[in-house]
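Single-letter residue listing:
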Amino acid sequence: MPARRRELKPDPKGHYRPYLGFRLDCDGNRKEYRFNLGKDERAANSRMNRLYDLIDESELVAQQPMVWTPFAFYAAKLIEKGTFTIPYPFQQHLMREDDPTAQYAQMLHAEQQNHPSLHIIPAESDLYAHGVKINKLVVQEELKELEEAARFLGVITTRQVMPDRLVTGTFHEALDAYGQDVVHKDNVRAGSEGELTQYGRLRMERIGRFKERHHDIQLTGLTLDACTDLVRYWANRPPTKNRRTKKLDGKPVARKTADHHIKELFSFFGWLDATSRFSWIKPRGMDRINRKIAEFDDERSKKLSAVQKATYSVEELAVLNRHATPLERLFLYVALNCGMGAAELGRLRLNDFRFDQKHEFAEQLGFRSTEEDSFIRFLRPKTSVFGEWLLWAETVEMVRWGFARAEEIGHDLLFISEEGRPWYNERANRNPQAKFTNVLNTLIRRVKKSDPDFRRLAFGTLRDTLPNLLRRNYSSEMASICLAHGSTYKGDSLLDCYTDKPFGRFHGMMRDARSMMTEMFEAVEDDPTNAPIQQYLPLKVRETMQAMLREQKPTAEIAKACGVSRATVCRERKRIGF
């Protein structure tokens, strides 16, 4: 069990002197040891973190909780003083061995395997080099004898070649170590005690799929051909697992999914080659492995069109808006106005907005701004690229309503459930944006009651709508700024290092883009923040009924034309006052 990491606190004299681990005396009694890490808090924390890693490793070797082995304690005393390169001493008792240098090299390698957190070097480099050479000759002789025995037994043929060095461990063991050493250290949520980020959980899922779909071979057998087979398996886009049957009989994995798995494999190969935990060396020719991902005929046929991006037209957006509840209308307006997806929408807070204020850099950016303007300023979660969007008046109205609702719930997130749960669930195991997708699907189902042929597009298409319009009507540069991408001009990747992005032109075009959405906003004649009545009938049927009631048609005729009962017509007449 890993040592529990505690916050360092100084003693009354300002020294950081924590207790950590136990030493065993001659009688086997445990005695807790206290380290002196000095007065510098930053240095003390750095040394303490290394000591925590070391005590975890020492515990595994000693097979006793929180016990220092002799070598681990020797290294800990050096770390205590700020020395992080640990020289391995040549001990005099080795002189009793048949070949002291070979034994010295073996013991050093054993400690490197036991303590991967340490940078261990030989104190006697000449003796170590001689020992490595002797051990290599011994291994080669042993392998020759094994090869002869294997050939005699018919285990290997004349076309197979025995490895020239021993590589311990298996593929699955190396994957587990990779997950702990890389994923669990590089993808930890800030401020948590080892909790993985969403990306970290995705990486661990990939490691799980590797173990599930590939045999646990010895690392000796992880040759260039074996690595190629692993990569080509994913490049050929194998079937997904059927969630119902738990069998690998689903549709082929997506191109992006295959690409992510291949990149994870090469990250694993690089780590395995560099780590001292295993003796595997990357085979020659790895950079020539074909990574091209398979493409199916139906995917190729989709490319035979000048229109590659499916987005809702303004007319379709008007239909969605007319059927939407205020909460649905809120995310519809913000997603369209700012080209945001669920990851951005779900993180919006009140301090990301600047309401009713003139832009402080309007003159430098070269655009006209007044006290009536409102903006969002936001960093994209994954890339931390700055984005700024001028808000349309209709969007501002809905955002104010949204924050008033959030305040009543007791939260500062814009998109929050009535129970206080964020719509974007960063701790979800699989799909953190499921709430946004479900809400949009509910809206589309409501529309389909009136219009069965209405298109069902993915939630992500909402963020693509405005950038698509800006690219078509203005420039790719404006679309890139809308999406808050890193570089807006691909012809010169360093241009943003020397110049400001043209946010002034972008905000001016955002004013013009509002006129493109007029039909959508005009679809709601009443107050857009008013909650609609319970829609037991399709909106199209209700609107037809209301029109006929205004024309004072007979109840029986209205009921027949709308396919409803006379009682339903009477209730609607009473509700609207006819």
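Look a little higher up for the structure.
Please read all numbers here as calculations on a predicted model, not as lab measurements.

K.L.:
Any chance you could explain the overall build of the protein chain here in plain terms?
P.N.:
A count of helical and extended segments in the protein chain gives 23 helices and 7 strands. In terms of overall dimensions, the protein chain is more spread out than a globule: its C-alpha atoms have a radius of gyration of 33 Å, far above the 25 Å expected for 578 residues. Oriented by its inertia axes, the alpha-carbon framework of the protein chain measures out at about 115 × 70 × 55 Å. Considering only residue pairs separated by 6 or more positions, the protein chain has 60% of its internal contacts joining residues 24 or more positions apart. If you sum the accessible surface of the protein chain, you get close to 33,600 Å²; carbon and sulfur atoms cover 50% of it. A distance of 4 Å separates the average location of the 92 positive side-chain charges in the protein chain from that of its 81 negative side-chain charges.

K.L.:
Honestly, helix 10 (residues 314-323) in this entry has me stumped. Any pointers?
P.N.:
Within an α-helix, residues lying three or four positions from one another point in the same direction, as the helix has 3.6 residues per turn. Most of helix 10 is tucked away, with 8 of its 10 residues classed as buried. Packing partners of the buried residues in helix 10 comprise helix 11 (326-338), helix 15 (434-450), helix 16 (461-473), helix 19 (503-516), helix 20 (518-522) and helix 21 (539-550).

K.L.:
Explanation requested: the pattern of salt bridges in the structure shown.
P.N.:
Should the charged atoms of two oppositely charged side chains come close, the side chains can pair. This structure, assessed with the given rule, holds 22 salt bridges. For the salt bridge of Glu-212 with Lys-241, the shortest nitrogen-to-oxygen distance reads 2.5 Å. With a gap of 29 residues between them, Glu-212 in helix 6 (residues 198-213) and Lys-241 in the loop between helix 7 (224-235) and helix 8 (255-274) connect regions that are remote in the sequence. Classification of Glu-212 as partly exposed rests on a relative accessible area of 45%. Across the pair Glu-344 and Arg-463 runs a salt bridge whose closest N-O atoms are separated by 3.7 Å. One end of the pair, Glu-344, is in helix 12 (residues 342-345); the other, Arg-463, is in helix 16, and 119 residues separate them in sequence.

K.L.:
Would you mind showing me how to read the packing of aromatic side chains here?
P.N.:
Remark: the centre distance and the inter-plane angle together describe each pair of aromatic rings, the angle taken between the planes. In the structure shown here, the tally under the stated rule is 30 aromatic pairs. Their ring planes at 50° and their centres at 5.8 Å tell us that Phe-268 and Phe-269 sit as a pair that is tilted. Of the two residues, Phe-268 and Phe-269, both sit in the buried class. Linked through ring pairs, Phe-171, Tyr-178, Phe-266, Phe-268, Phe-269, Trp-271, Phe-278 and Trp-280 together constitute an aromatic cluster. The positively charged end of Arg-291 is found above the aromatic ring belonging to Phe-266, 3.6 Å away from the centroid. Between Arg-400 and the ring centre of Phe-355, over which it is positioned, the NZ or CZ distance is 4.6 Å.

K.L.:
Mind showing me how you'd approach the side chain of Asp-373 here?
P.N.:
Of note, Asp-373 is situated in the loop between helix 13 (362-365) and strand 6 (375-379). Engagement of the side chain of Asp-373 in a polar contact is seen with the side chain of Ser-369, the distance being 2.8 Å. Of note is the side chain of Asp-373, whose polar atom sits 3.0 Å from the backbone nitrogen of Thr-370. With residues near it in sequence (within four places) discarded, Asp-373 still touches Arg-354, Phe-355, Asp-356, Gln-357, Arg-368, Leu-390 and Arg-511.

K.L.:
Explain a negative patch on the surface to me, please; I cannot follow it from the model alone.
P.N.:
A contiguous patch of negative charge, built from Glu-141, Glu-142, Glu-145 and Glu-148, is present on the exposed surface. Looking at the secondary structure, you find Glu-145 in helix 4 (residues 125-153).

K.L.:
Is there a simple way to explain the sheet that holds strand 5 (residues 353-354) in this structure?
P.N.:
In a beta sheet, neighbouring strands are held together by backbone hydrogen bonds and run either parallel or antiparallel to one another. Strand order in the open sheet formed by 3 strands is 5-6-7, with antiparallel pairing between adjacent strands. In this open sheet, the two strands that pair with only one neighbour each are strand 5 and strand 7 (386-390). For strand 5 and strand 6, the ladder comprises 2 bridges, and the chain directions are antiparallel. Bridging across to strand 6, Phe-353 finds its partner in Ile-376. Each of strand 6 and strand 7 touches helix 19; the most contacted strand, strand 7, lies at about 35° to it.

K.L.:
Please clarify how empty space enclosed by the protein should be interpreted in this entry.
P.N.:
Tallying each qualifying case throughout the model produces 1 cavity of 30 Å³ or more. Estimated volume of the largest cavity: approximately 40 Å³. Surrounding the largest cavity, Cys-338, Gly-339, Met-340, Glu-344, Phe-378, Arg-380, Trp-389, Arg-463, Cys-482, Leu-483 and Ala-484 form its lining. When the residues that make up the lining of the largest cavity are grouped by side-chain class, the tally is 7 nonpolar, 1 polar and 3 charged.

K.L.:
Got a minute to help me understand the packing of helix 10 against helix 11 in this structure?
P.N.:
For any two helices packed against each other, one specifies the crossing angle of their axes together with the interaxial distance. Where helix 10 contacts helix 11, the two axes come as close as 9 Å, and the packing angle between them is 150°. Relative to helix 11, helix 10 is oriented roughly antiparallel. As for the relative orientation of helix 10 and helix 11, their crossing is left-handed in sense. Between helix 10 and helix 11, the contacting residues are Leu-317, Leu-320, Asn-321, Arg-322 and His-323 on the first element and Glu-328, Arg-329, Leu-332, Tyr-333 and Leu-336 on the second.

K.L.:
For this particular structure, what's the right way to read the packing of helix 21 against helix 22 (residues 555-562)?
P.N.:
Where helix 21 contacts helix 22, the two axes come as close as 10 Å, and the packing angle between them is 155°. With respect to their mutual orientation, helix 21 and helix 22 come out roughly antiparallel. Judged by the sense of rotation from one axis to the other, the crossing of helix 21 with helix 22 is right-handed. For the pair formed by helix 21 and helix 22, the contact residues are Val-541, Thr-544, Met-545, Met-548 and Leu-549 on the first element and Glu-557, Ile-558, Ala-561 and Cys-562 on the second. Across the contact of helix 21 with helix 22, the residue classes break down as 7 nonpolar, 1 polar and 1 charged.

K.L.:
Please clarify how helix 1 (residues 41-62) should be interpreted in this entry.
P.N.:
For helix 1, spanning 22 residues, the distance from its first C-alpha to its last is 30 Å, which sits close to the expected 32 Å at 1.5 Å a residue. Burial in helix 1 covers these residues: Ala-44, Arg-47, Met-48, Leu-51, Tyr-52, Leu-54, Ile-55, Asp-56, Glu-57, Ser-58 and Glu-59. Tucked inside the fold, the buried residues of helix 1 contact strand 1 (19-24), helix 2 (70-80) and helix 3 (100-114).

K.L.:
Help me understand the side chain of Thr-461 in this model?
P.N.:
Take Thr-461: it is sitting in helix 16. Excluding anything up to four places from it in sequence, Thr-461 contacts Ala-310, Thr-311 and Tyr-312.

Rules behind the numbers
- Residues numbered from 1 in each chain as written.
- Predicted model: local features only at pLDDT ≥ 70, side-chain atom pairs only at ≥ 80, totals over all residues.
- Heavy atoms only, no water.
- Helix = DSSP H or I, 4+ residues; strand = E, 2+ residues; numbered from the N terminus.
- Rg over C-alpha atoms; globule rule 2.2 N^0.38 Å.
- Contact = heavy atoms within 4.5 Å.
- Areas by Shrake-Rupley, 256 points an atom, 1.4 Å probe, with all protein chains shown as cover.
- Lys, Arg positive; Asp, Glu negative; His and termini not counted.
- Charge placed at Lys NZ, Arg CZ, Asp CG, Glu CD.
- Buried < 20%, exposed > 50% of the residue type's maximum accessible area, 1.4 Å probe, protein only.
- Salt bridge = Lys/Arg side-chain N within 4 Å of Asp/Glu carboxyl O.
- Phe/Tyr/Trp six-rings, centres within 6.5 Å; stacked < 30°, edge-to-face > 60°.
- Lys NZ or Arg CZ within 6 Å of the ring centre and 35° of its normal.
- Polar contact = N/O pair within 3.5 Å; in protein donor to acceptor, adjacent residues only side chain to side chain.
- Patch = residues over 30% accessible without salt bridge, like charges linked within 9 Å, V, L, I, M, F, W, Y side chains within 5 Å.
- Pairing = 2+ DSSP bridges.
- Axes fitted to C-alpha atoms, helices over the stretch in contact; angles between N-to-C directions.
- 1 Å grid on protein atoms, 1.4 Å probe; cavity = no way out; pocket = protein on both sides within 12 Å on 5 of 7 lines; lining within 4 Å.
- Points joined across faces, edges and corners; volume = space filled by probe spheres on them.
- Nonpolar A, V, L, I, M, F, W, Y, C, P; charged D, E, K, R; others polar.
- Parallel < 35°, antiparallel > 145°, perpendicular 65-115°, else oblique.
- Left-handed = near helix turned anticlockwise from the far one by under 90°.
- Expected span 1.5 Å × (residues − 1).

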